[in-house]
Amino acid sequence: MKLEILLPYKVFLKEDDVSRMVVETSAGAMGFLPQRLDCAAVLVPGIMEYEAAGAGVKYIALDAVSYTHLT
């Protein structure tokens, strides 16, 4: 699965081979796995966790609203 984190003024992160992801949204915590439908989510401040092939688990701290696009 592909992950893009978009800020209002630039692309913050692009990962092409993400195997799983857990994020906090305004609707609560959500987990994403490959083979699901494309989506976009507004994230709330918190910790985002994702696992990329060959890189292990990574964490990103979010302190403001950001937009994530999954394909």
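Treat the numbers as computed from the prediction; the structure is a model and nothing was measured.

Caption draft 1: Examining the overall build of the protein more closely. Of the regular secondary structure elements, the protein holds zero helices and eight strands. Written out in order from the N terminus, the α and β elements of the protein read β-β-β-β-β-β-β-β. Residues classed as buried in the protein amount to 28% of the 71 residues present. Counting only contacts in the protein whose residues sit at least 6 apart along the sequence, the fraction spanning at least 24 positions is 48%. Approximately 4500 Å² of the protein is accessible, and the part contributed by carbon and sulfur atoms is 57%.

Caption draft 2: Focus on the pairing of strand 2 (residues 10-15). Pairing of strand 1 (residues 3-7) with strand 2, which is carried by five bridges, proceeds in the antiparallel orientation. Directly across from Leu6, in strand 2, lies its bridge partner Val11. Hairpin geometry of strand 1 and strand 2 is characterised by an intervening segment of two residues between the two adjacent antiparallel strands.

Caption draft 3: Molecular detail of the environment of Asp38. By the element assignment, Asp38 lies in the loop between strand 4 (28-32) and strand 5 (39-43). With relative accessibility at 54%, the residue Asp38 sits in the exposed group. Sequence separation between Asp38 and Lys2 is 36 residues; the distance between their C-alpha atoms is 9.8 Å.

Caption draft 4: Molecular detail of the side chain of Thr25. Relative to the assigned elements, Thr25 resides in strand 3 (residues 18-25). At a separation of 2.8 Å, a polar atom in the side chain of Thr25 contacts the main-chain carbonyl oxygen of Gly28. Thr25 has contacts with Met30, Ala41, Val42, Leu43 and Val44, leaving out every residue within four places of it along the chain.

Caption draft 5: Expanded view of the environment of Ile47. Tracing the backbone shows Ile47 in strand 6 (residues 46-52). Ile47 gets classed as exposed once you look at its relative accessible area, which sits at 52%. Considered as a pair, Ile47 and Glu24 are 23 residues apart in the sequence and their alpha carbons are 7.3 Å apart. Sequence-distant contacts of Ile47, defined by excluding residues within four places in its chain, comprise Val22, Tyr59, Ile60 and Ala61.

Calculation rules
- Residues numbered from 1 in each chain as written.
- Predicted model: local features only at pLDDT ≥ 70, side-chain atom pairs only at ≥ 80, totals over all residues.
- Heavy atoms only, no water.
- Helix = DSSP H or I, 4+ residues; strand = E, 2+ residues; numbered from the N terminus.
- Buried < 20%, exposed > 50% of the residue type's maximum accessible area, 1.4 Å probe, protein only.
- Contact = heavy atoms within 4.5 Å.
- Areas by Shrake-Rupley, 256 points an atom, 1.4 Å probe, with all protein chains shown as cover.
- Pairing = 2+ DSSP bridges.
- Polar contact = N/O pair within 3.5 Å; in protein donor to acceptor, adjacent residues only side chain to side chain.

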